[in-house]
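# Structure at a glance
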Amino acid sequence: MPDLIVDGEALRTSIDSLSRVRDELGNQMSGRDENHDIFGQRDLNRAMRDFAGDWKIHRQKIKDDVSKLHDKLVEMSETWDEADGEMAKSISTETV
């Protein structure tokens, strides 16, 4: 059994999924005051406003981390495709 199994299609699917997550995090524009007073109770309104402010900060960090992971997967996929091509070329050259 091989020590390493790489599924190129799974890598590409993961890259596409991370792109969508990154884009969604970047396009989300909920502001702190967007839902002002819809919750009725004052403490709940305050809690939701605080959450919205904190979420904006944390959303950017998550987006940055997702972007880094996306870039690493793209690099890994490209490297794998190159290595796979070289191995296939090597095998076909040896058998001819």
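Everything below is about the structure shown above.
Report on the accompanying structure. A quick note: this is a predicted structure, and the numbers were derived from the prediction, not measured.

On the surface, a cluster of nonpolar side chains totalling about 450 Å² of accessible area is made up of I38, F39, L44, M48 and F51. When you line up the elements, I38 lands in the loop between α1 (8-27) and α2 (42-95). Residue I38 is classed as exposed on the basis of its relative accessible area of 56%.

For the coordinates displayed, the defined rule picks out one aromatic pair. For the pair F51 and W55, a centre-to-centre distance of 6.4 Å together with 0 degrees between the ring planes defines the contact as stacked. Separated by four residues within a single helix, F51 and W55 lie in helix α2, roughly one turn from each other. You can call F51 partly exposed: its relative accessible area is 48%.

For the structure on display, the rule yields five salt bridges. Across the pair E9 and R12 runs a salt bridge whose closest N-O atoms are separated by 3.7 Å. In this pair, E9 and R12 both sit in helix α1, three residues apart, roughly one turn of the helix. Accessibility expressed as a relative area gives 37% for R12, which makes it partly exposed. A salt bridge links R46 to D43, with the shortest nitrogen-to-oxygen separation between them at 3.5 Å. Here R46 and its partner D43 are both found in helix α2, three residues apart, which amounts to about one turn of the helix. R46 sits in the partly exposed class, given a relative accessible area of 45%. Here the salt bridges share partners, and the residues they tie into one network are E9, R12 and D81.

In this structure, L11, I15, L18, L25, V66 and L73 together form the largest nonpolar core, which totals six residues. At the level of secondary structure, the elements contributing two or more residues to this core comprise α1 and α2. Here this core takes four residues from α1, the largest share from any one element. Among all residues touching L73, those that are not within four sequence positions of it are L11, S14, I15 and L18.

Here is what the cut-offs are and how they apply
Residues numbered from 1 in each chain as written. Predicted model: local features only at pLDDT ≥ 70, side-chain atom pairs only at ≥ 80, totals over all residues. Heavy atoms only, no water. Patch = residues over 30% accessible without salt bridge, like charges linked within 9 Å, V, L, I, M, F, W, Y side chains within 5 Å. Areas by Shrake-Rupley, 256 points an atom, 1.4 Å probe, with all protein chains shown as cover. Salt bridge = Lys/Arg side-chain N within 4 Å of Asp/Glu carboxyl O. Helix = DSSP H or I, 4+ residues; strand = E, 2+ residues; numbered from the N terminus. Buried < 20%, exposed > 50% of the residue type's maximum accessible area, 1.4 Å probe, protein only. Phe/Tyr/Trp six-rings, centres within 6.5 Å; stacked < 30°, edge-to-face > 60°. Core = buried A, V, L, I, M, F, W, Y, C linked by side-chain atoms within 4.5 Å. Contact = heavy atoms within 4.5 Å.

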